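Letter by letter, the chains look like this.
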Amino acid sequence: MDFKGSHILSIEQFERADIERIFEVADRMEPYALRKRITRVLDGAILGNMFFEPSTRTRVSFGSAFNLLGGAVRETTGFESSAIAKGESLYDTARVLSGYSDVICMRHPQAGSVAEFAAASRVPVMNGGDGPNEHPTQALLDLYTIRKEVASKGRSMDELRIAMIGDLKYGRTVHSLCKLLKVYNNVTVTLISPRELQMPEELVEGLREVGHQVVVTDQLEGSINSDIVYSTRIQEERFGSKEEADLYRGKFRLNQQIYTKYCEPNTVIMHPLPRDSRAEANELDNDLNENPNLAIFRQADNGVLVRMALFALVLDVVDGVDKYSSDVNWYRPE
Ligand code: NCD
């Protein structure tokens, strides 16, 4: 695809070569993300960061990625602080904000809303999560992480075995990840969830159509001997009530004892975060924190690299990143 000026709305827009290109640019961003070098390639550019649902990592890492490329960030968070609370349409908001920004990142509770907004925007729009639908940049950073983690263990991506655990019905990160895994060969995907929260059928079919093995189960024990276990949170905000979400919370917990008993010694543990650490949920126990295969914070760090790469590609400055770079002046611990 031609990245220049493109919206980033769904994983379906990428082919394998596009994903390789994003990852190759992401690798080149490392000195800047680690503050070993500074670049001003986006000096003067403005990111409009619009988050109408709670977010820590996605919002801050989009913002940091833009800052690290030398650009400035304008932020709107929550409906109550935007004119949408006064009845303004997505169309009008998009027309106005795209006059103030060079690129817009948006998260919104309704499926399809970010694409609707993008259709009216005069600048590229990136989907930071549209309801239960998709979260394409998270899937890209997840896949980038999976590739690095399996490579560090001397394994290949083709023939990968991955187990996804938790709320697979409403979890947009696993929806986008299932679409993304279709670019590889012979992947085994084990989908572990309560029956009521299973992965949507069309996504399961999509995996099977490309020849992947899919196992659907409601049993954690015996199903997590994979290369990767990808745990997720019960998406409480998508349920009718807290009580309904409570029915499923805490059903699938991973802790060191279960890991030792059922996982292979090198199984990598991932989670898009936030992990629900309340006692009634505790999907990934703190006793895994010292486990070297717990990749959740490396995964979150990779979000900056992948989002820097997307900005550089969409704003067409990949070649300028090094050209407009200089040394770092301040002290930073290693
Ligand atoms: C995820 C999301 O918002 O979909 N978080 C994230 O962006 N890293 C997962 C979640 O909220 O459970």
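Residues numbered from 1 in each chain as written. Predicted model: local features only at pLDDT ≥ 70, side-chain atom pairs only at ≥ 80, totals over all residues. Heavy atoms only, no water.

Overview of the domain arrangement of the protein chain
For step 1, the next point in the chain: Entries for the protein chain in the domain assignment read domain 1 (11-134 + 300-327) and domain 2 (136-297).
For step 2, the next point in the chain: If you average the C-alpha positions of domain 1 and of domain 2, the two centres end up 25 Å apart.
For step 3, the next point in the chain: Every contact between the two is made by 32 residues of domain 1 and, on the other side, 26 residues of domain 2.
For step 4, the next point in the chain: On the domain 1 side of the interface with domain 2, the three residues burying the most area are I11, R16 and F23, jointly 25% of the side's total. (Domains from an automatic or database assignment. Contact = heavy atoms within 4.5 Å. Buried area = accessible area lost by both parts, 1.4 Å probe.)

Focus: the site of the ligand
For step 1, the next point in the chain: In the neighbourhood of the ligand, the contacting residues comprise T58, R107, H135, Q138, R172, T173, R233, Q235, P272, L273 and P274.
For step 2, the next point in the chain: The separation between a nitrogen atom of the ligand and a polar side-chain atom of Q138 is 3.2 Å.
For step 3, the next point in the chain: L273 is positioned with one of its backbone polar atoms (N or O) 3.0 Å from a nitrogen atom of the ligand.
For step 4, the next point in the chain: Computed on the free molecule, the ligand has an accessible area of 320 Å², of which 94% lies beneath the protein chains in the complex.
For step 5, the next point in the chain: A per-class count over the shell around the ligand returns 3 nonpolar, 5 polar and 3 charged. (Near = heavy atom within 4 Å. Polar contact = N/O pair within 3.5 Å; in protein donor to acceptor, adjacent residues only side chain to side chain. Areas by Shrake-Rupley, 256 points an atom, 1.4 Å probe, with all protein chains shown as cover. Nonpolar A, V, L, I, M, F, W, Y, C, P; charged D, E, K, R; others polar.)

Concerning unusual backbone geometry
Glycine aside, negative phi is the norm for most residues, and most peptide bonds take the trans geometry.
For step 1, the next point in the chain: Following L273, the chain continues to P274 via a peptide bond in cis, the omega torsion being 5°.
For step 2, the next point in the chain: Take P274: it is sitting in the loop between β10 (268-270) and α11 (296-314).
For step 3, the next point in the chain: You will see that R35, though not glycine, has its phi angle at about 60°, which is positive.
For step 4, the next point in the chain: Note on placement: R35 falls in the loop between α2 (30-33) and β1 (37-39).
For step 5, the next point in the chain: With a relative accessible area of 32%, R35 lands in the partly exposed category.
For step 6, the next point in the chain: Residue E159 is not a glycine yet carries a positive backbone phi of 75°.
For step 7, the next point in the chain: As for its placement among the helices and strands, E159 is situated in the loop between α6 (136-152) and β6 (161-165). (Helix = DSSP H or I, 4+ residues; strand = E, 2+ residues; numbered from the N terminus. Buried < 20%, exposed > 50% of the residue type's maximum accessible area, 1.4 Å probe, protein only.)

What to know about the nonpolar core
It is characteristic of soluble globular proteins that their nonpolar side chains tend to be buried jointly.
For step 1, the next point in the chain: If you look at the biggest cluster of nonpolar residues, it comprises 70 residues, and the most contacted ones within it are I22, L140, I162, M164 and F311.
For step 2, the next point in the chain: Broken down by element, this core gets its largest block of residues, 10 residues, from α11.
For step 3, the next point in the chain: When neighbours within four sequence positions are excluded, L140 is seen to be in contact with I11, F14, I19, I22, F23, L180, V306 and L310.
For step 4, the next point in the chain: Counting residues in each nonpolar core, the second largest holds 17 residues, with I224, V229, Y259 and L284 among its members. (Core = buried A, V, L, I, M, F, W, Y, C linked by side-chain atoms within 4.5 Å.)

Some details on the pattern of salt bridges
For step 1, the next point in the chain: Scanning the model with the defined rule gives 26 salt bridges in all.
For step 2, the next point in the chain: Between E53 and R172 there is a salt bridge, and its shortest N-O distance comes to 3.0 Å. One end of the pair, E53, is in the loop between β2 (46-51) and α3 (57-68); the other, R172, is in helix α7 (residues 172-180), with 119 residues separating them in the sequence.
For step 3, the next point in the chain: With relative accessibility at 7%, the residue R172 sits in the buried group. (Salt bridge = Lys/Arg side-chain N within 4 Å of Asp/Glu carboxyl O.)

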